[in-house]
Amino acid sequence: MTTCSDANVTSFDPYGEPVGEDRTTHMVQGDRRARNAAIAIFWTLALTLTAGRVYLNDQPFSHTFILAQEKIGAFVTLMH
């Protein structure tokens, strides 16, 4: 009785080209790194927006609008 060996198994990329095991491992590590970076960016952005909304929610809108105008005016003055 003959059994198939795992040594002859070949991986294929999405285009049907054979891929060596060293390249497959490298691609998986790159995918993991990209996924972790995307998760970190998402949560940083989500927490920043939430914290900003909580901070700005306590102030009346007119006060927030005046502060924004002052900051923009100071920035424009600094640029000239």
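Residues numbered from 1 in each chain as written. Predicted model: local features only at pLDDT ≥ 70, side-chain atom pairs only at ≥ 80, totals over all residues. Heavy atoms only, no water.

Draft legend 1. The overall build of the protein, seen in detail. Helices and strands together make up the secondary structure of the protein, namely two helices and two strands. When its helices and strands are written in sequence order, the protein yields β-β-α-α. In the protein, buried positions account for 4% of the 80 residues. As displayed, the protein offers around 7700 Å² of accessible surface, 64% of which is attributable to carbon and sulfur atoms. (Helix = DSSP H or I, 4+ residues; strand = E, 2+ residues; numbered from the N terminus. Buried < 20%, exposed > 50% of the residue type's maximum accessible area, 1.4 Å probe, protein only. Areas by Shrake-Rupley, 256 points an atom, 1.4 Å probe, with all protein chains shown as cover.)

Draft legend 2. Just a nonpolar patch on the surface, in detail. On the surface, Ile39, Phe42, Trp43 and Leu47 cluster together to form a nonpolar patch covering roughly 450 Å² of accessible area. Within the element layout of this structure, isoleucine 39 appears in helix H1 (residues 21–57). For isoleucine 39, a relative accessible area of 42% translates into the label partly exposed. (Patch = residues over 30% accessible without salt bridge, like charges linked within 9 Å, V, L, I, M, F, W, Y side chains within 5 Å. Salt bridge = Lys/Arg side-chain N within 4 Å of Asp/Glu carboxyl O.)

Draft legend 3. Focus on the packing of aromatic side chains. Evaluated as defined, the whole model comprises one aromatic pair. The interplanar angle of 75 degrees and the centroid separation of 5.1 Å between the aromatic rings of phenylalanine 42 and tryptophan 43 together place this pair among those described as edge-to-face. (Phe/Tyr/Trp six-rings, centres within 6.5 Å; stacked < 30°, edge-to-face > 60°.)

Draft legend 4. Examining the side chain of aspartate 13 more closely. Position of aspartate 13 among the secondary structure elements: in the loop between strand S1 (11–12) and strand S2 (18–19). A relative accessible area of 18% means that aspartate 13 is categorised as buried. One polar contact links the side chain of aspartate 13 to the main-chain amide nitrogen of glutamate 17, over a distance of 2.8 Å. (Polar contact = N/O pair within 3.5 Å; in protein donor to acceptor, adjacent residues only side chain to side chain.)

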